[in-house]
Amino acid sequence: MFQRHTCSPLSLTAWQMLFGGIGLAIIALLVPQRPIEWNGAFVAGLAYCVVFASSIAWGLWLFVLQRLPTAVASLSSLGVPIVSVLLAWIILHEQPTLMEGVGIVCILLGLCSVSGVGIRRRGH
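Residues numbered from 1 in each chain as written. Predicted model: local features only at pLDDT ≥ 70, side-chain atom pairs only at ≥ 80, totals over all residues. Heavy atoms only, no water.

Caption draft 1: Main features of the overall build of the chain. The helix and strand tally for the chain stands at 5 helices and 0 strands. For the chain, the sequential pattern of α-helices and β-strands runs α-α-α-α-α. With respect to the principal axes defined by its C-alpha atoms, the chain has extents near 70 × 50 × 25 Å. The long-range fraction of contacts in the chain, counting pairs at least 24 apart against all pairs at least 6 apart in sequence, stands at 44%. When the accessible surface of the chain is summed, it comes to about 10600 Å², and 72% of that surface belongs to carbon and sulfur atoms. (Helix = DSSP H or I, 4+ residues; strand = E, 2+ residues; numbered from the N terminus. Contact = heavy atoms within 4.5 Å. Areas by Shrake-Rupley, 256 points an atom, 1.4 Å probe, with all protein chains shown as cover.)

Structure representation (structure tokens):
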């Protein structure tokens, strides 16, 4: 698409988020549910999700993609779940489950296998 049209990745992402948000809003209006309780905690959580978790995060990701090769950026993003589990363990004192440990090991093995780290044959 970027070869046929001149548009920035940030603009493309913004349009995708807008259309996705419209679709989700339509579904939310059609599905019966209890009314929204507009209070400070809800507004703060909504603002956090919109501003930090979506807008700033996407902007930073696109910034990284512009400055690093795609392979390096995508490999480094695989470390996010590992860091998240470790920070939850350290900060929130959550005990990782066995399956989370298995997941961390699988991610680390995958990172090692695609990054070229590993056993090298002698003589080659």
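Don't stop here, the text continues.
Caption draft 2: Geometry of the environment of Pro35. Here Pro35 shows up in the loop between α1 (9-30) and α2 (40-67). Look at Pro35 and you get exposed, because its relative accessible area is 66%. As a C-alpha pair, Pro35 and Ser11 span 24 residues in sequence and 33 Å in three-dimensional space. (Buried < 20%, exposed > 50% of the residue type's maximum accessible area, 1.4 Å probe, protein only.)

Caption draft 3: Structural view of the packing of helix α4 (residues 80-91) against helix α5 (residues 98-115). At their nearest, the axes of α4 and α5 sit 10 Å apart, and the two run at 145° to each other. Note that α4 runs across α5; the crossing there is left-handed. Of the residues in α5, those in contact with Pro81, Ile82 and Val85 of α4 are Ile104, Ile107 and Leu108. Among the residues forming the contact of α4 with α5, the class breakdown is 6 nonpolar, no polar and no charged. (Axes fitted to C-alpha atoms, helices over the stretch in contact; angles between N-to-C directions. Left-handed = near helix turned anticlockwise from the far one by under 90°. Nonpolar A, V, L, I, M, F, W, Y, C, P; charged D, E, K, R; others polar.)

Caption draft 4: Representation of the side chain of Thr13. Inspection of the secondary structure assignment puts Thr13 in helix α1. According to the relative accessible area criterion, Thr13 is buried, its value standing at 9%. Sequence-distant contacts of Thr13, that is, excluding residues within four places in its chain, are made with Trp58 and Leu62.

Caption draft 5: Examining the packing of aromatic side chains more closely. Taken as a whole, this structure holds 3 aromatic pairs when the rule is applied. Ring centres of Trp38 and Phe42 lie 5.1 Å apart, and the angle between their planes is 85°; on these two criteria the pair is classed as edge-to-face. On the accessibility criterion, Trp38 (60% relative accessible area) is exposed. On the basis of relative accessibility, which here comes to 31%, the residue Phe42 falls in the partly exposed class. (Phe/Tyr/Trp six-rings, centres within 6.5 Å; stacked < 30°, edge-to-face > 60°.)

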